[in-house]
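One letter stands for each residue in the lines below.
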Amino acid sequence: MEYLQDVKRLWPLARPYWFDVVVLAGAIVAALEVALRLDNKATFPKGSLWLLVPATVLIFLPLLARRRFPFGAPAAIFLYVGALSFASGRLVSYTFTAFLLVLACSFLFGLLDDRRQSLVGIAIAIGAAEIVGYNNPRQHLGDYFFIPLVFGISWLGGFGLGGKLRQVARAEERAARLEREREERARAAVAEERSRIARELHDVVGHSVSVMTVQASAVRRLLLPEQEREREALLIVEQTGREALAEMRRMVGVLRHPEEGPALAPQPSLEHLDKLVEQVREAGLPVALRVEGEAAQLPPGVDLTAYRLVQEGLTNALKHSRARRAEVLVRYGTDAVELVVTDDGRGNGSASQGGHGLLGMRERVSVYGGELEAGPRPGGGYELRARLPLAGA
């Protein structure tokens, strides 16, 4: 088991170089075959072993540079064996490993992305084969047709496999591009939702600060003349509130779109759920609304977030899940409010806003330390469930 684990760890490192190992092994086998196969003097190449062995090894070495020169490396091998055949006509065809090497080079020509180079390569291979056959005194007439045919078959195999590999590469590139685009859209949707949350919270907090400032101003005017200290304290509160409102307007103004003005209408809350449900019903989706527990006064931000969650869930049920009916449950607890939106459609949570509505809902819930669960129901349909602490943590 430990041996297999070691092999699995080493394989990713060795995988890019396994073909180089095969090439070097072929060179060694061919050299040994020339040096040791002396059984048939009639077919043995003429010349000194000190020259024949290095010349045989040099046939294989250019293929080690195939990554940098995918066309030049196999072409150099064919040009070399063609030139070598003039010096020793029998040496090139003497070893079987050299024959396998030139077949592999023909296959590599077929794998080339450039079709012009691929066709030129197989032409070089067939031309070199004919030259080697012409210089080999033991060449038969049928070999002039058989060897080019074998090279052509090897080239066609590489050409077909290269087409498939290119299709796979294009598919992987397209999938990677789509994944990057999806992530960019998701980041843009999250950024847009955060800006929207900030704008809405500005309206909520701004309303509260405005009320506080107005109340401080009203109380200051009701003080007696001798209550100078209290008047100064309330004046500071009033000025601080107005400065805070001005700063908030400037900060949130950066987040607004140029065509978007400040929201003049009051922000919605759970008190407006009846109107929301009625609008969805008028759009064609029957909706049942249930409220459990005693309705409590929620913090403005929590109240707005709860409304947006229900709105998003009903929008998904109406536009994306092809639901025939939906149900909204609002459950008030002592320390949290729970919201459940269910439907009987075939939604998958892709939501609105280009498929990133669920991301926006999670952003809203995370602001107040709440919990959000969304997914298909066991009996069919889709369910959105959220829990928001009343403290708005």
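Above this text sits the structure in question.
Residue positions within a chain follow its written sequence, with the count starting from 1. Reporting in this predicted model follows two pLDDT cut-offs: at least 70 for local features of residues, and 80 or more for side-chain atom pairs to be given and counted; totals over whole chains, interfaces and linings ignore these cut-offs and use all residues. Excluded from the side-chain calculations are hydrogens and water; all other atoms, namely the structure's heavy atoms, are used.

Student: Let's hear about the packing of helix α5 (residues 96-111) against helix α6 (residues 115-135): which residues, and what values?
Tutor: Comment: axis = line fitted to C-alpha atoms, over the contacting stretch for helices; angle = value between 0 and 180 degrees taken between N-to-C directions. What counts as a helix is a DSSP run of H or I of at least four residues, what counts as a strand is a run of E of at least two, and both are numbered from the N terminus. It is at 8 Å that the axes of α5 and α6 come closest, and there the two elements cross at 160 degrees. The orientation of α5 relative to α6 falls into the category roughly antiparallel. α5 and α6 meet at a crossing whose hand is left-handed. Touching Ser-106, Phe-109 and Gly-110 of α5 are Ser-118, Gly-121, Ile-122 and Ala-125, all from α6. The nonpolar class holds Ala, Val, Leu, Ile, Met, Phe, Trp, Tyr, Cys and Pro. Asp, Glu, Lys and Arg form the charged class, and all remaining residues, Gly among them, are polar. In terms of residue class, the contact of α5 with α6 is made up of three nonpolar, four polar and no charged. The labels follow the angle: roughly parallel below 35 degrees, roughly antiparallel above 145, roughly perpendicular from 65 to 115, and oblique for the rest. Two helices crossing with the near one rotated counterclockwise from the far one by less than a right angle form a left-handed crossing, whereas a clockwise rotation gives a right-handed crossing. Contacts are assigned to residue pairs that have any heavy atoms within 4.5 Å of one another.

Student: Could you give me a rundown of the environment of Trp-155, with the residues and numbers involved?
Tutor: Following the sequence through the fold, Trp-155 ends up in helix α7 (residues 143-221). For Trp-155, a relative accessible area of 11% corresponds to the buried category. Sequence-wise, Trp-155 and Cys-105 are 50 residues apart; in three dimensions their C-alpha atoms are separated by 8.5 Å. When residues no more than four places from it in sequence are discounted, the contact partners of Trp-155 are Ser-106, Phe-109, Gly-110, Ser-118, Leu-119 and Ile-122. The buried label applies to any residue whose accessible area, calculated with a 1.4 Å probe on protein chains only, is under 20% of its type's maximum; exposed applies above 50%, and partly exposed to all values in between.

Student: How would you explain the nonpolar core if you had to name every residue and give the values?
Tutor: Grouped together as the largest cluster of nonpolar side chains are 33 residues, with contacts concentrated most on Ile-59, Phe-60, Leu-63, Ile-77, Phe-78, Leu-101 and Phe-151. Contributing elements (two or more residues each) for this core: α2 (18-36), α3 (49-60), α4 (72-87), α5, α6 and α7. At six residues, the largest contribution of residues to this core is made by α5. Here, the term nonpolar core denotes a set of buried Ala, Val, Leu, Ile, Met, Phe, Trp, Tyr and Cys residues that are joined through side-chain atoms within 4.5 Å. Core analysis: the second largest hydrophobic core is formed by 32 residues, Leu-309, Ala-326, Val-328 and Ala-386 among them.

Student: Pulling in residues and values, what's your account of α3?
Tutor: Here the expected span of a helix is defined as 1.5 Å times the quantity of residues minus one. In a regular helix each residue adds 1.5 Å, so 12 residues correspond to 16 Å; α3 covers 17 Å between its end C-alpha atoms and thus fits that length. Taken as a whole, α3 has its buried residues at Leu-52, Ala-55, Thr-56, Ile-59 and Phe-60. Taken around the axis of α3, the buried residues stretch over an arc of 150 degrees, which confines them to a single face. Opposite the packed face of α3, turned more than 90 degrees from it, sit the exposed residues Trp-50 and Leu-51. Those residues of α3 that are buried lie in contact with α2, α4 and α5. Directions are taken from the helix axis to each C-beta atom, and the arc is the one they span.

Student: Please set out the pairing of strand β1 (residues 287-292) residue by residue, giving values where relevant.
Tutor: Bridge count between β1 and strand β2 (residues 326-332): six bridges; the pairing is parallel. Bridge pairing links Val-287 to Ala-326 in β2. In this fold, β1 hands off to helix α10 (residues 300-319), which returns the chain to β2; that crossover is left-handed. Following DSSP output, two strands are said to pair if at least two bridges run between them. When the strands point away from the viewer, a crossover counts as right-handed if the route from the first strand across the helix to the second turns clockwise.

Student: An account of the sheet that holds strand β5 (residues 382-389) is needed here, citing residue identities and associated values.
Tutor: The strand order across the open sheet formed by five strands is β1-β2-β3-β5-β4, and the pairing between neighbours is mixed. Edge positions in the sheet fall to β1 and β4 (371-376), since each of these pairs with one other strand and no more. Direction aside, the axes of adjacent strands within the sheet are offset by 10 degrees on average. Of the pairings in the sheet, the one linking β2 to strand β3 (residues 336-343) comprises seven bridges and is antiparallel in character. Residue pairing for β3: Leu-329 is matched across the bridge by Val-340. Relative to β1, helix α9 (residues 273-282) is tilted by about 160 degrees, and along the sheet it contacts β1 and β2.

Student: Tell me about the packing of aromatic side chains, and please be specific about residues and values.
Tutor: Only rings of Phe, Tyr and Trp enter the pairing, Trp through its six-membered ring, and a pair is recorded when the two centres are within 6.5 Å. The plane angle decides the type: under 30 degrees is stacked, over 60 is edge-to-face, the rest tilted. Under the counting rule described, the total for this entry stands at five aromatic pairs. Each ring, one from Phe-78 and one from Phe-109, has its centre 5.9 Å from the other, and the planes form 20 degrees; the classification is stacked. Here Phe-78 is found in helix α4, whereas its partner Phe-109 is found in helix α5, with 31 residues between them in sequence. Judged by relative accessible area, Phe-78 falls into the buried class, the value being 2%.

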